[in-house]
Amino acid sequence: MFLAVVLGWEDSLINDIENMMLAQRLCPDALLVAGGIEAQFNYQTLLDKSPCKIVVLGEGEMPMTMIADGFSLDNIPGIVLRKDSIPFSNEQFWNATKNIEWEKIRYEDYWDFYIEKYRQKNDLTEERLDQIHTLRIFTRNRCPRNCRFCSSTNQLTWASGKLGVPIIDIMADQDLIGLIERIKKAHPRLRTIYFTDDDFCISKEKVIEFCKNVAAKNLGLRFIAFSRVNELDEEVLGWMSKAGFKVLNIGVESFSQKVLDEMNKNYNTSIAHDVLKLIKKNGILPFISIILITPDTELDDIEKTVDNLMPLIKDEVVVSSIAMSCIPFKGSEFYETTFDYMTDIIKIPGTIHRIKRHYAILANNPYVREVQVRFFNEINGVIERFIKERGVGHATSVNQALKRLEFMKELIAEARKKYNIKNGERGDLKRGELTASFISKNITKDKYQGI
Ligand code: SF4
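Every chain's residues receive numbers from 1 upward, in the order its sequence appears when written. Whole-chain, interface and lining totals are the exception, using all residues; otherwise, since this is a predicted model, local features are given only for residues with pLDDT of at least 70 and side-chain atom pairs are given and counted only at 80 or more. Working from all heavy atoms in the structure, the side-chain values ignore hydrogens and water.

Enquirer: I would appreciate a short explanation of helix α13 (residues 272-281) in the present structure.
Expert: The α-helix winds at 3.6 residues per turn, so residues separated by three or four positions along the chain end up facing the same way. Within the span of α13, buried status applies to Ala 272, Val 275, Leu 276, Leu 278 and Ile 279. Viewed along the axis of α13, the buried residues span an arc of 160°, placing them on a single side of the element. For α13, the exposed residues lying more than 90 degrees away from the buried face are Asp 274 and Lys 281. Contact definition: two residues touch when any of their heavy atoms are within 4.5 Å. Helix and strand definitions here come from DSSP, where helices need a minimum of 4 consecutive H or I residues and strands a minimum of 2 consecutive E residues; each element is numbered from the N-terminal end. On its buried face, α13 sits against α11 (234-243), β8 (245-253), β9 (285-293) and α14 (299-314). Looking one or two residues past α13, Gly 283 carries a phi angle of roughly 75°, positive in sign. Here's how the labels work: a residue is buried when its accessible area is under 20% of the maximum for its type, exposed when over 50%, partly exposed in between, all with a 1.4 Å probe on protein chains only. Starting at the helix axis, one direction is taken to each C-beta atom, and the arc is that of these directions.

Enquirer: Help me understand the site of the ligand, please; the structure alone is not making it clear to me.
Expert: Any residue with a non-hydrogen atom lying within 4 Å of a molecule or strand is treated as near it. In the vicinity of the ligand, the contacting residues are Cys 143, Arg 145, Asn 146, Cys 147, Phe 149, Cys 150, Ser 152, Thr 153 and Asp 198. Its residues placed into classes, the shell around the ligand shows 4 nonpolar, 3 polar and 2 charged. When residue character is reported, Ala, Val, Leu, Ile, Met, Phe, Trp, Tyr, Cys and Pro are called nonpolar, Asp, Glu, Lys and Arg charged, and the others, Gly included, polar.

Enquirer: Any chance you could explain the sheet that holds strand β10 (residues 319-325) here in plain terms?
Expert: Either a parallel or an antiparallel arrangement is found when strands of a sheet pair, and the pairing is made through backbone hydrogen bonds. Strand order in the open sheet formed by 6 strands is β5-β6-β7-β8-β9-β10, with parallel pairing between adjacent strands. Only two strands of the sheet have a single partner each, and these edge strands are β5 (134-137) and β10. Looking at each pair of strands side by side, their axes are set apart by 20° on average, direction ignored. One bridge is not enough; two strands pair if DSSP finds at least two bridges between them. Strand direction decides the pairing type here: strand β6 (residues 192-195) and strand β7 (residues 222-227), joined by 3 bridges, are parallel. Bridge pairing in β7 places Tyr 194 opposite Ile 224. Contacts from helix α16 (residues 366-390) reach β9 and β10 within the one sheet, and its direction differs from that of β10 by about 115°. Helix axes are fitted to C-alpha atoms over the stretch in contact, other axes to C-alpha atoms as well, and angles between N-to-C directions run from 0 to 180 degrees.

Enquirer: Just checking my understanding: could you explain the packing of α16 against helix α17 (residues 397-419) for this structure?
Expert: Helix-helix packing is described using two parameters, namely the angle between the two axes and the distance between the axes. Here α16 crosses α17 at 135°, and the two axes come no closer than 9 Å. The orientation of α16 with respect to α17, classified from their angle, is oblique. Considering only the axes of α16 and α17, their crossing is right-handed. In this structure, α16 contributes Tyr 367, Glu 370, Val 371, Arg 374, Phe 375, Glu 378, Ile 379, Val 382, Ile 383, Phe 386, Ile 387 and Arg 390 to the contact, and α17 contributes Asn 399, Gln 400, Lys 403, Arg 404, Phe 407, Met 408, Leu 411, Ile 412, Glu 414, Ala 415, Lys 418 and Tyr 419. A per-class count over the contact of α16 with α17 returns 14 nonpolar, 2 polar and 8 charged. Here the angle decides the label: under 35 degrees means roughly parallel, over 145 means roughly antiparallel, 65 to 115 means roughly perpendicular, and every other value means oblique. Crossings are classed by handedness, with left-handed meaning an anticlockwise turn of the near helix from the far one by less than a right angle and right-handed meaning a clockwise turn.

Enquirer: Is there a simple way to think about helix α4 (residues 61-68) in this case?
Expert: Along α4, the positions that sit buried rather than exposed are Pro 63, Met 64, Met 66 and Ile 67. The arc that holds the buried residues of α4, viewed along the axis, is 165°, so those residues lie on one side. Exposed positions of α4 whose direction lies more than 90 degrees from the buried face are Glu 61, Met 62 and Ala 68.

Enquirer: Whenever I open this one, the side chain of Thr 269 confuses me. Can you help?
Expert: Turning to its location among the elements, Thr 269 is positioned in the loop between α12 (257-263) and α13. Apart from the residues within four sequence positions on either side, Thr 269 is in contact with Ser 254, Phe 255, Gln 257 and Leu 260.

Enquirer: I'm lost on the packing of helix α9 (residues 176-186) against helix α10 (residues 204-217) in this one. Help?
Expert: Their axes nearest at 10 Å, the elements α9 and α10 cross at an angle of 40°. One element, α9, and the other, α10, form an angle in the oblique class. The way α9 lies across α10 gives a crossing that is right-handed. Where α9 abuts α10, its residues Leu 176, Ile 177, Ile 180 and Glu 181 lie against Phe 210, Asn 213, Val 214 and Lys 217. Considering only residue class, the contact of α9 with α10 consists of 5 nonpolar, 1 polar and 2 charged.

Enquirer: I tried to follow the domain arrangement of the chain on my own but got confused; where do I start?
Expert: The parts lose accessible area when they come together, and the size of an interface is often stated as this lost area. Those domain boundaries reflect an automatic or database domain assignment. Per the domain assignment, the segments making up the chain are domain 1 (2-81), domain 2 (87-314) and domain 3 (339-451). The gap between the C-alpha centroids of domain 1 and domain 2 is 41 Å.

As C-alpha cells, then:
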C-alpha cells in the first residue's frame, strides 16, 4: 500500500509533516509518497525530516500509476527516492580499509608533482619532503562529540535514519600496524601517515597501545592526527611522541568559556594553555583551529580569544588557523537553529541556476555584527597593504595570522569607542540601528577567502 500527500506551499509544511507522521503511525507498512510544488522544490527537507520516502517531480499521474502497478522504482521517471543507509560494522569498515588496493595507488606521481612545484620555488626542505610524502588513513567511522557548528556527528546517523549509529574503529581491534607496514613496503618513499579521523584520541588506552606497538616496530614514519585538547595528558603525549607523532590538529576553537559552552565543546578553557605547552614539550606541533565569532559571541569573548591566542602564536607554541565566524554547515545544529547569514548569490557558470553561498552566521549582538561585517569587507585590503609594506618574503602565515588578530582588536576598539561600550558591557542592544538589512546592504567583499 502507498499513501500520497500533495504539498502546496511551505506555509503548510509543518502540518503536512505532522499528518505524514500520523499516517505512518496508523499504517506503519505504507509507502509514503509526496508531490506538488513544495515537495518538488524542497524534497531534501521532506526526505530527511518526514517519514516520506519518495517525492514526485512534476506531474504525478504517471509515476503514481507505475508505483501502484509495482514497477521497479529504478525504472520510474520523475521520482526522488530516499533509501536509508546501513552503517558499517567493525568488520565491514576494516574490510573496506584493508581491501583498498594501496599498492596500485600512484602516490609517487602525486608526490613528484609537488616536489617539482616546491623545487621551482626553491623551497624543497626536508620538512617539506616530510609533508609531501603523506598518505591518509581513517581508523574510525565518525565523531560522537556533537559540536554545534559541525555536521560530522550527524552525518551517519541522519543517513541511516536512526539514532545511535555505533562508533567503530580499527585502531586496536584490527591489524592496523600490519596494514601500515604493507603500505610502506609498497611505497618506500612514504614518510608520513595522516590519520584523518575527526578525533583519533577518543580512547586513551587504544592510542597508547597503538603507540607502544608502533614504537616497538620502529617503522621510521611520522604521524599526524586530530585530537581534542582535553584528551591529552603527559602519559598519552609521551607515547605519541615515542611513536613518531609530529603534528596534532586540535579544535581549541575559543578561549572564552561562554563561547565553548555555546559550541558544546565540553571542555574547560583553563586547561588549554598547559596542554598546548605540554604537546610542544613532547616535540609535537599543536595546529589549533579557532572560530572568533559564534551566534552569541560578544566583544569581550572575541578579545579573550585574541588576547590568549596572540602570545601562543608569537612564542611559537602553536600554529593556528583562524576562522572569523561559523559557517552554517548543513546538518549542524547551528544551521538548524539559526537563519541570519552573511550570504551571497552566485550564478553557476553555464547554467540557469544560482547558489546561495552563506559565508557566516551573523552574530546576534549588533556591535559584534558590525565588527564581523567590517572584518569581512576590509581584511583583504589590510593583508595586501601588510604584504606590500613587509615584502612578500616576510609575510609568513604566522605574521599574517597575527596581523588579522591585531586588525580584529582594532575593529573592536573602534566599535567600543563609537558606541561607548566598556569592557564587560554588551552595549545598548535596543538601539536597533544595526539591523540585518543594514548589514546585508553593507557586505561588499566578493573575494573573501577566509583566514
Ligand atoms: S568539531 Fe571535531 S570534535 Fe566537534 S563534532 Fe566536529 S569533528 Fe567532532
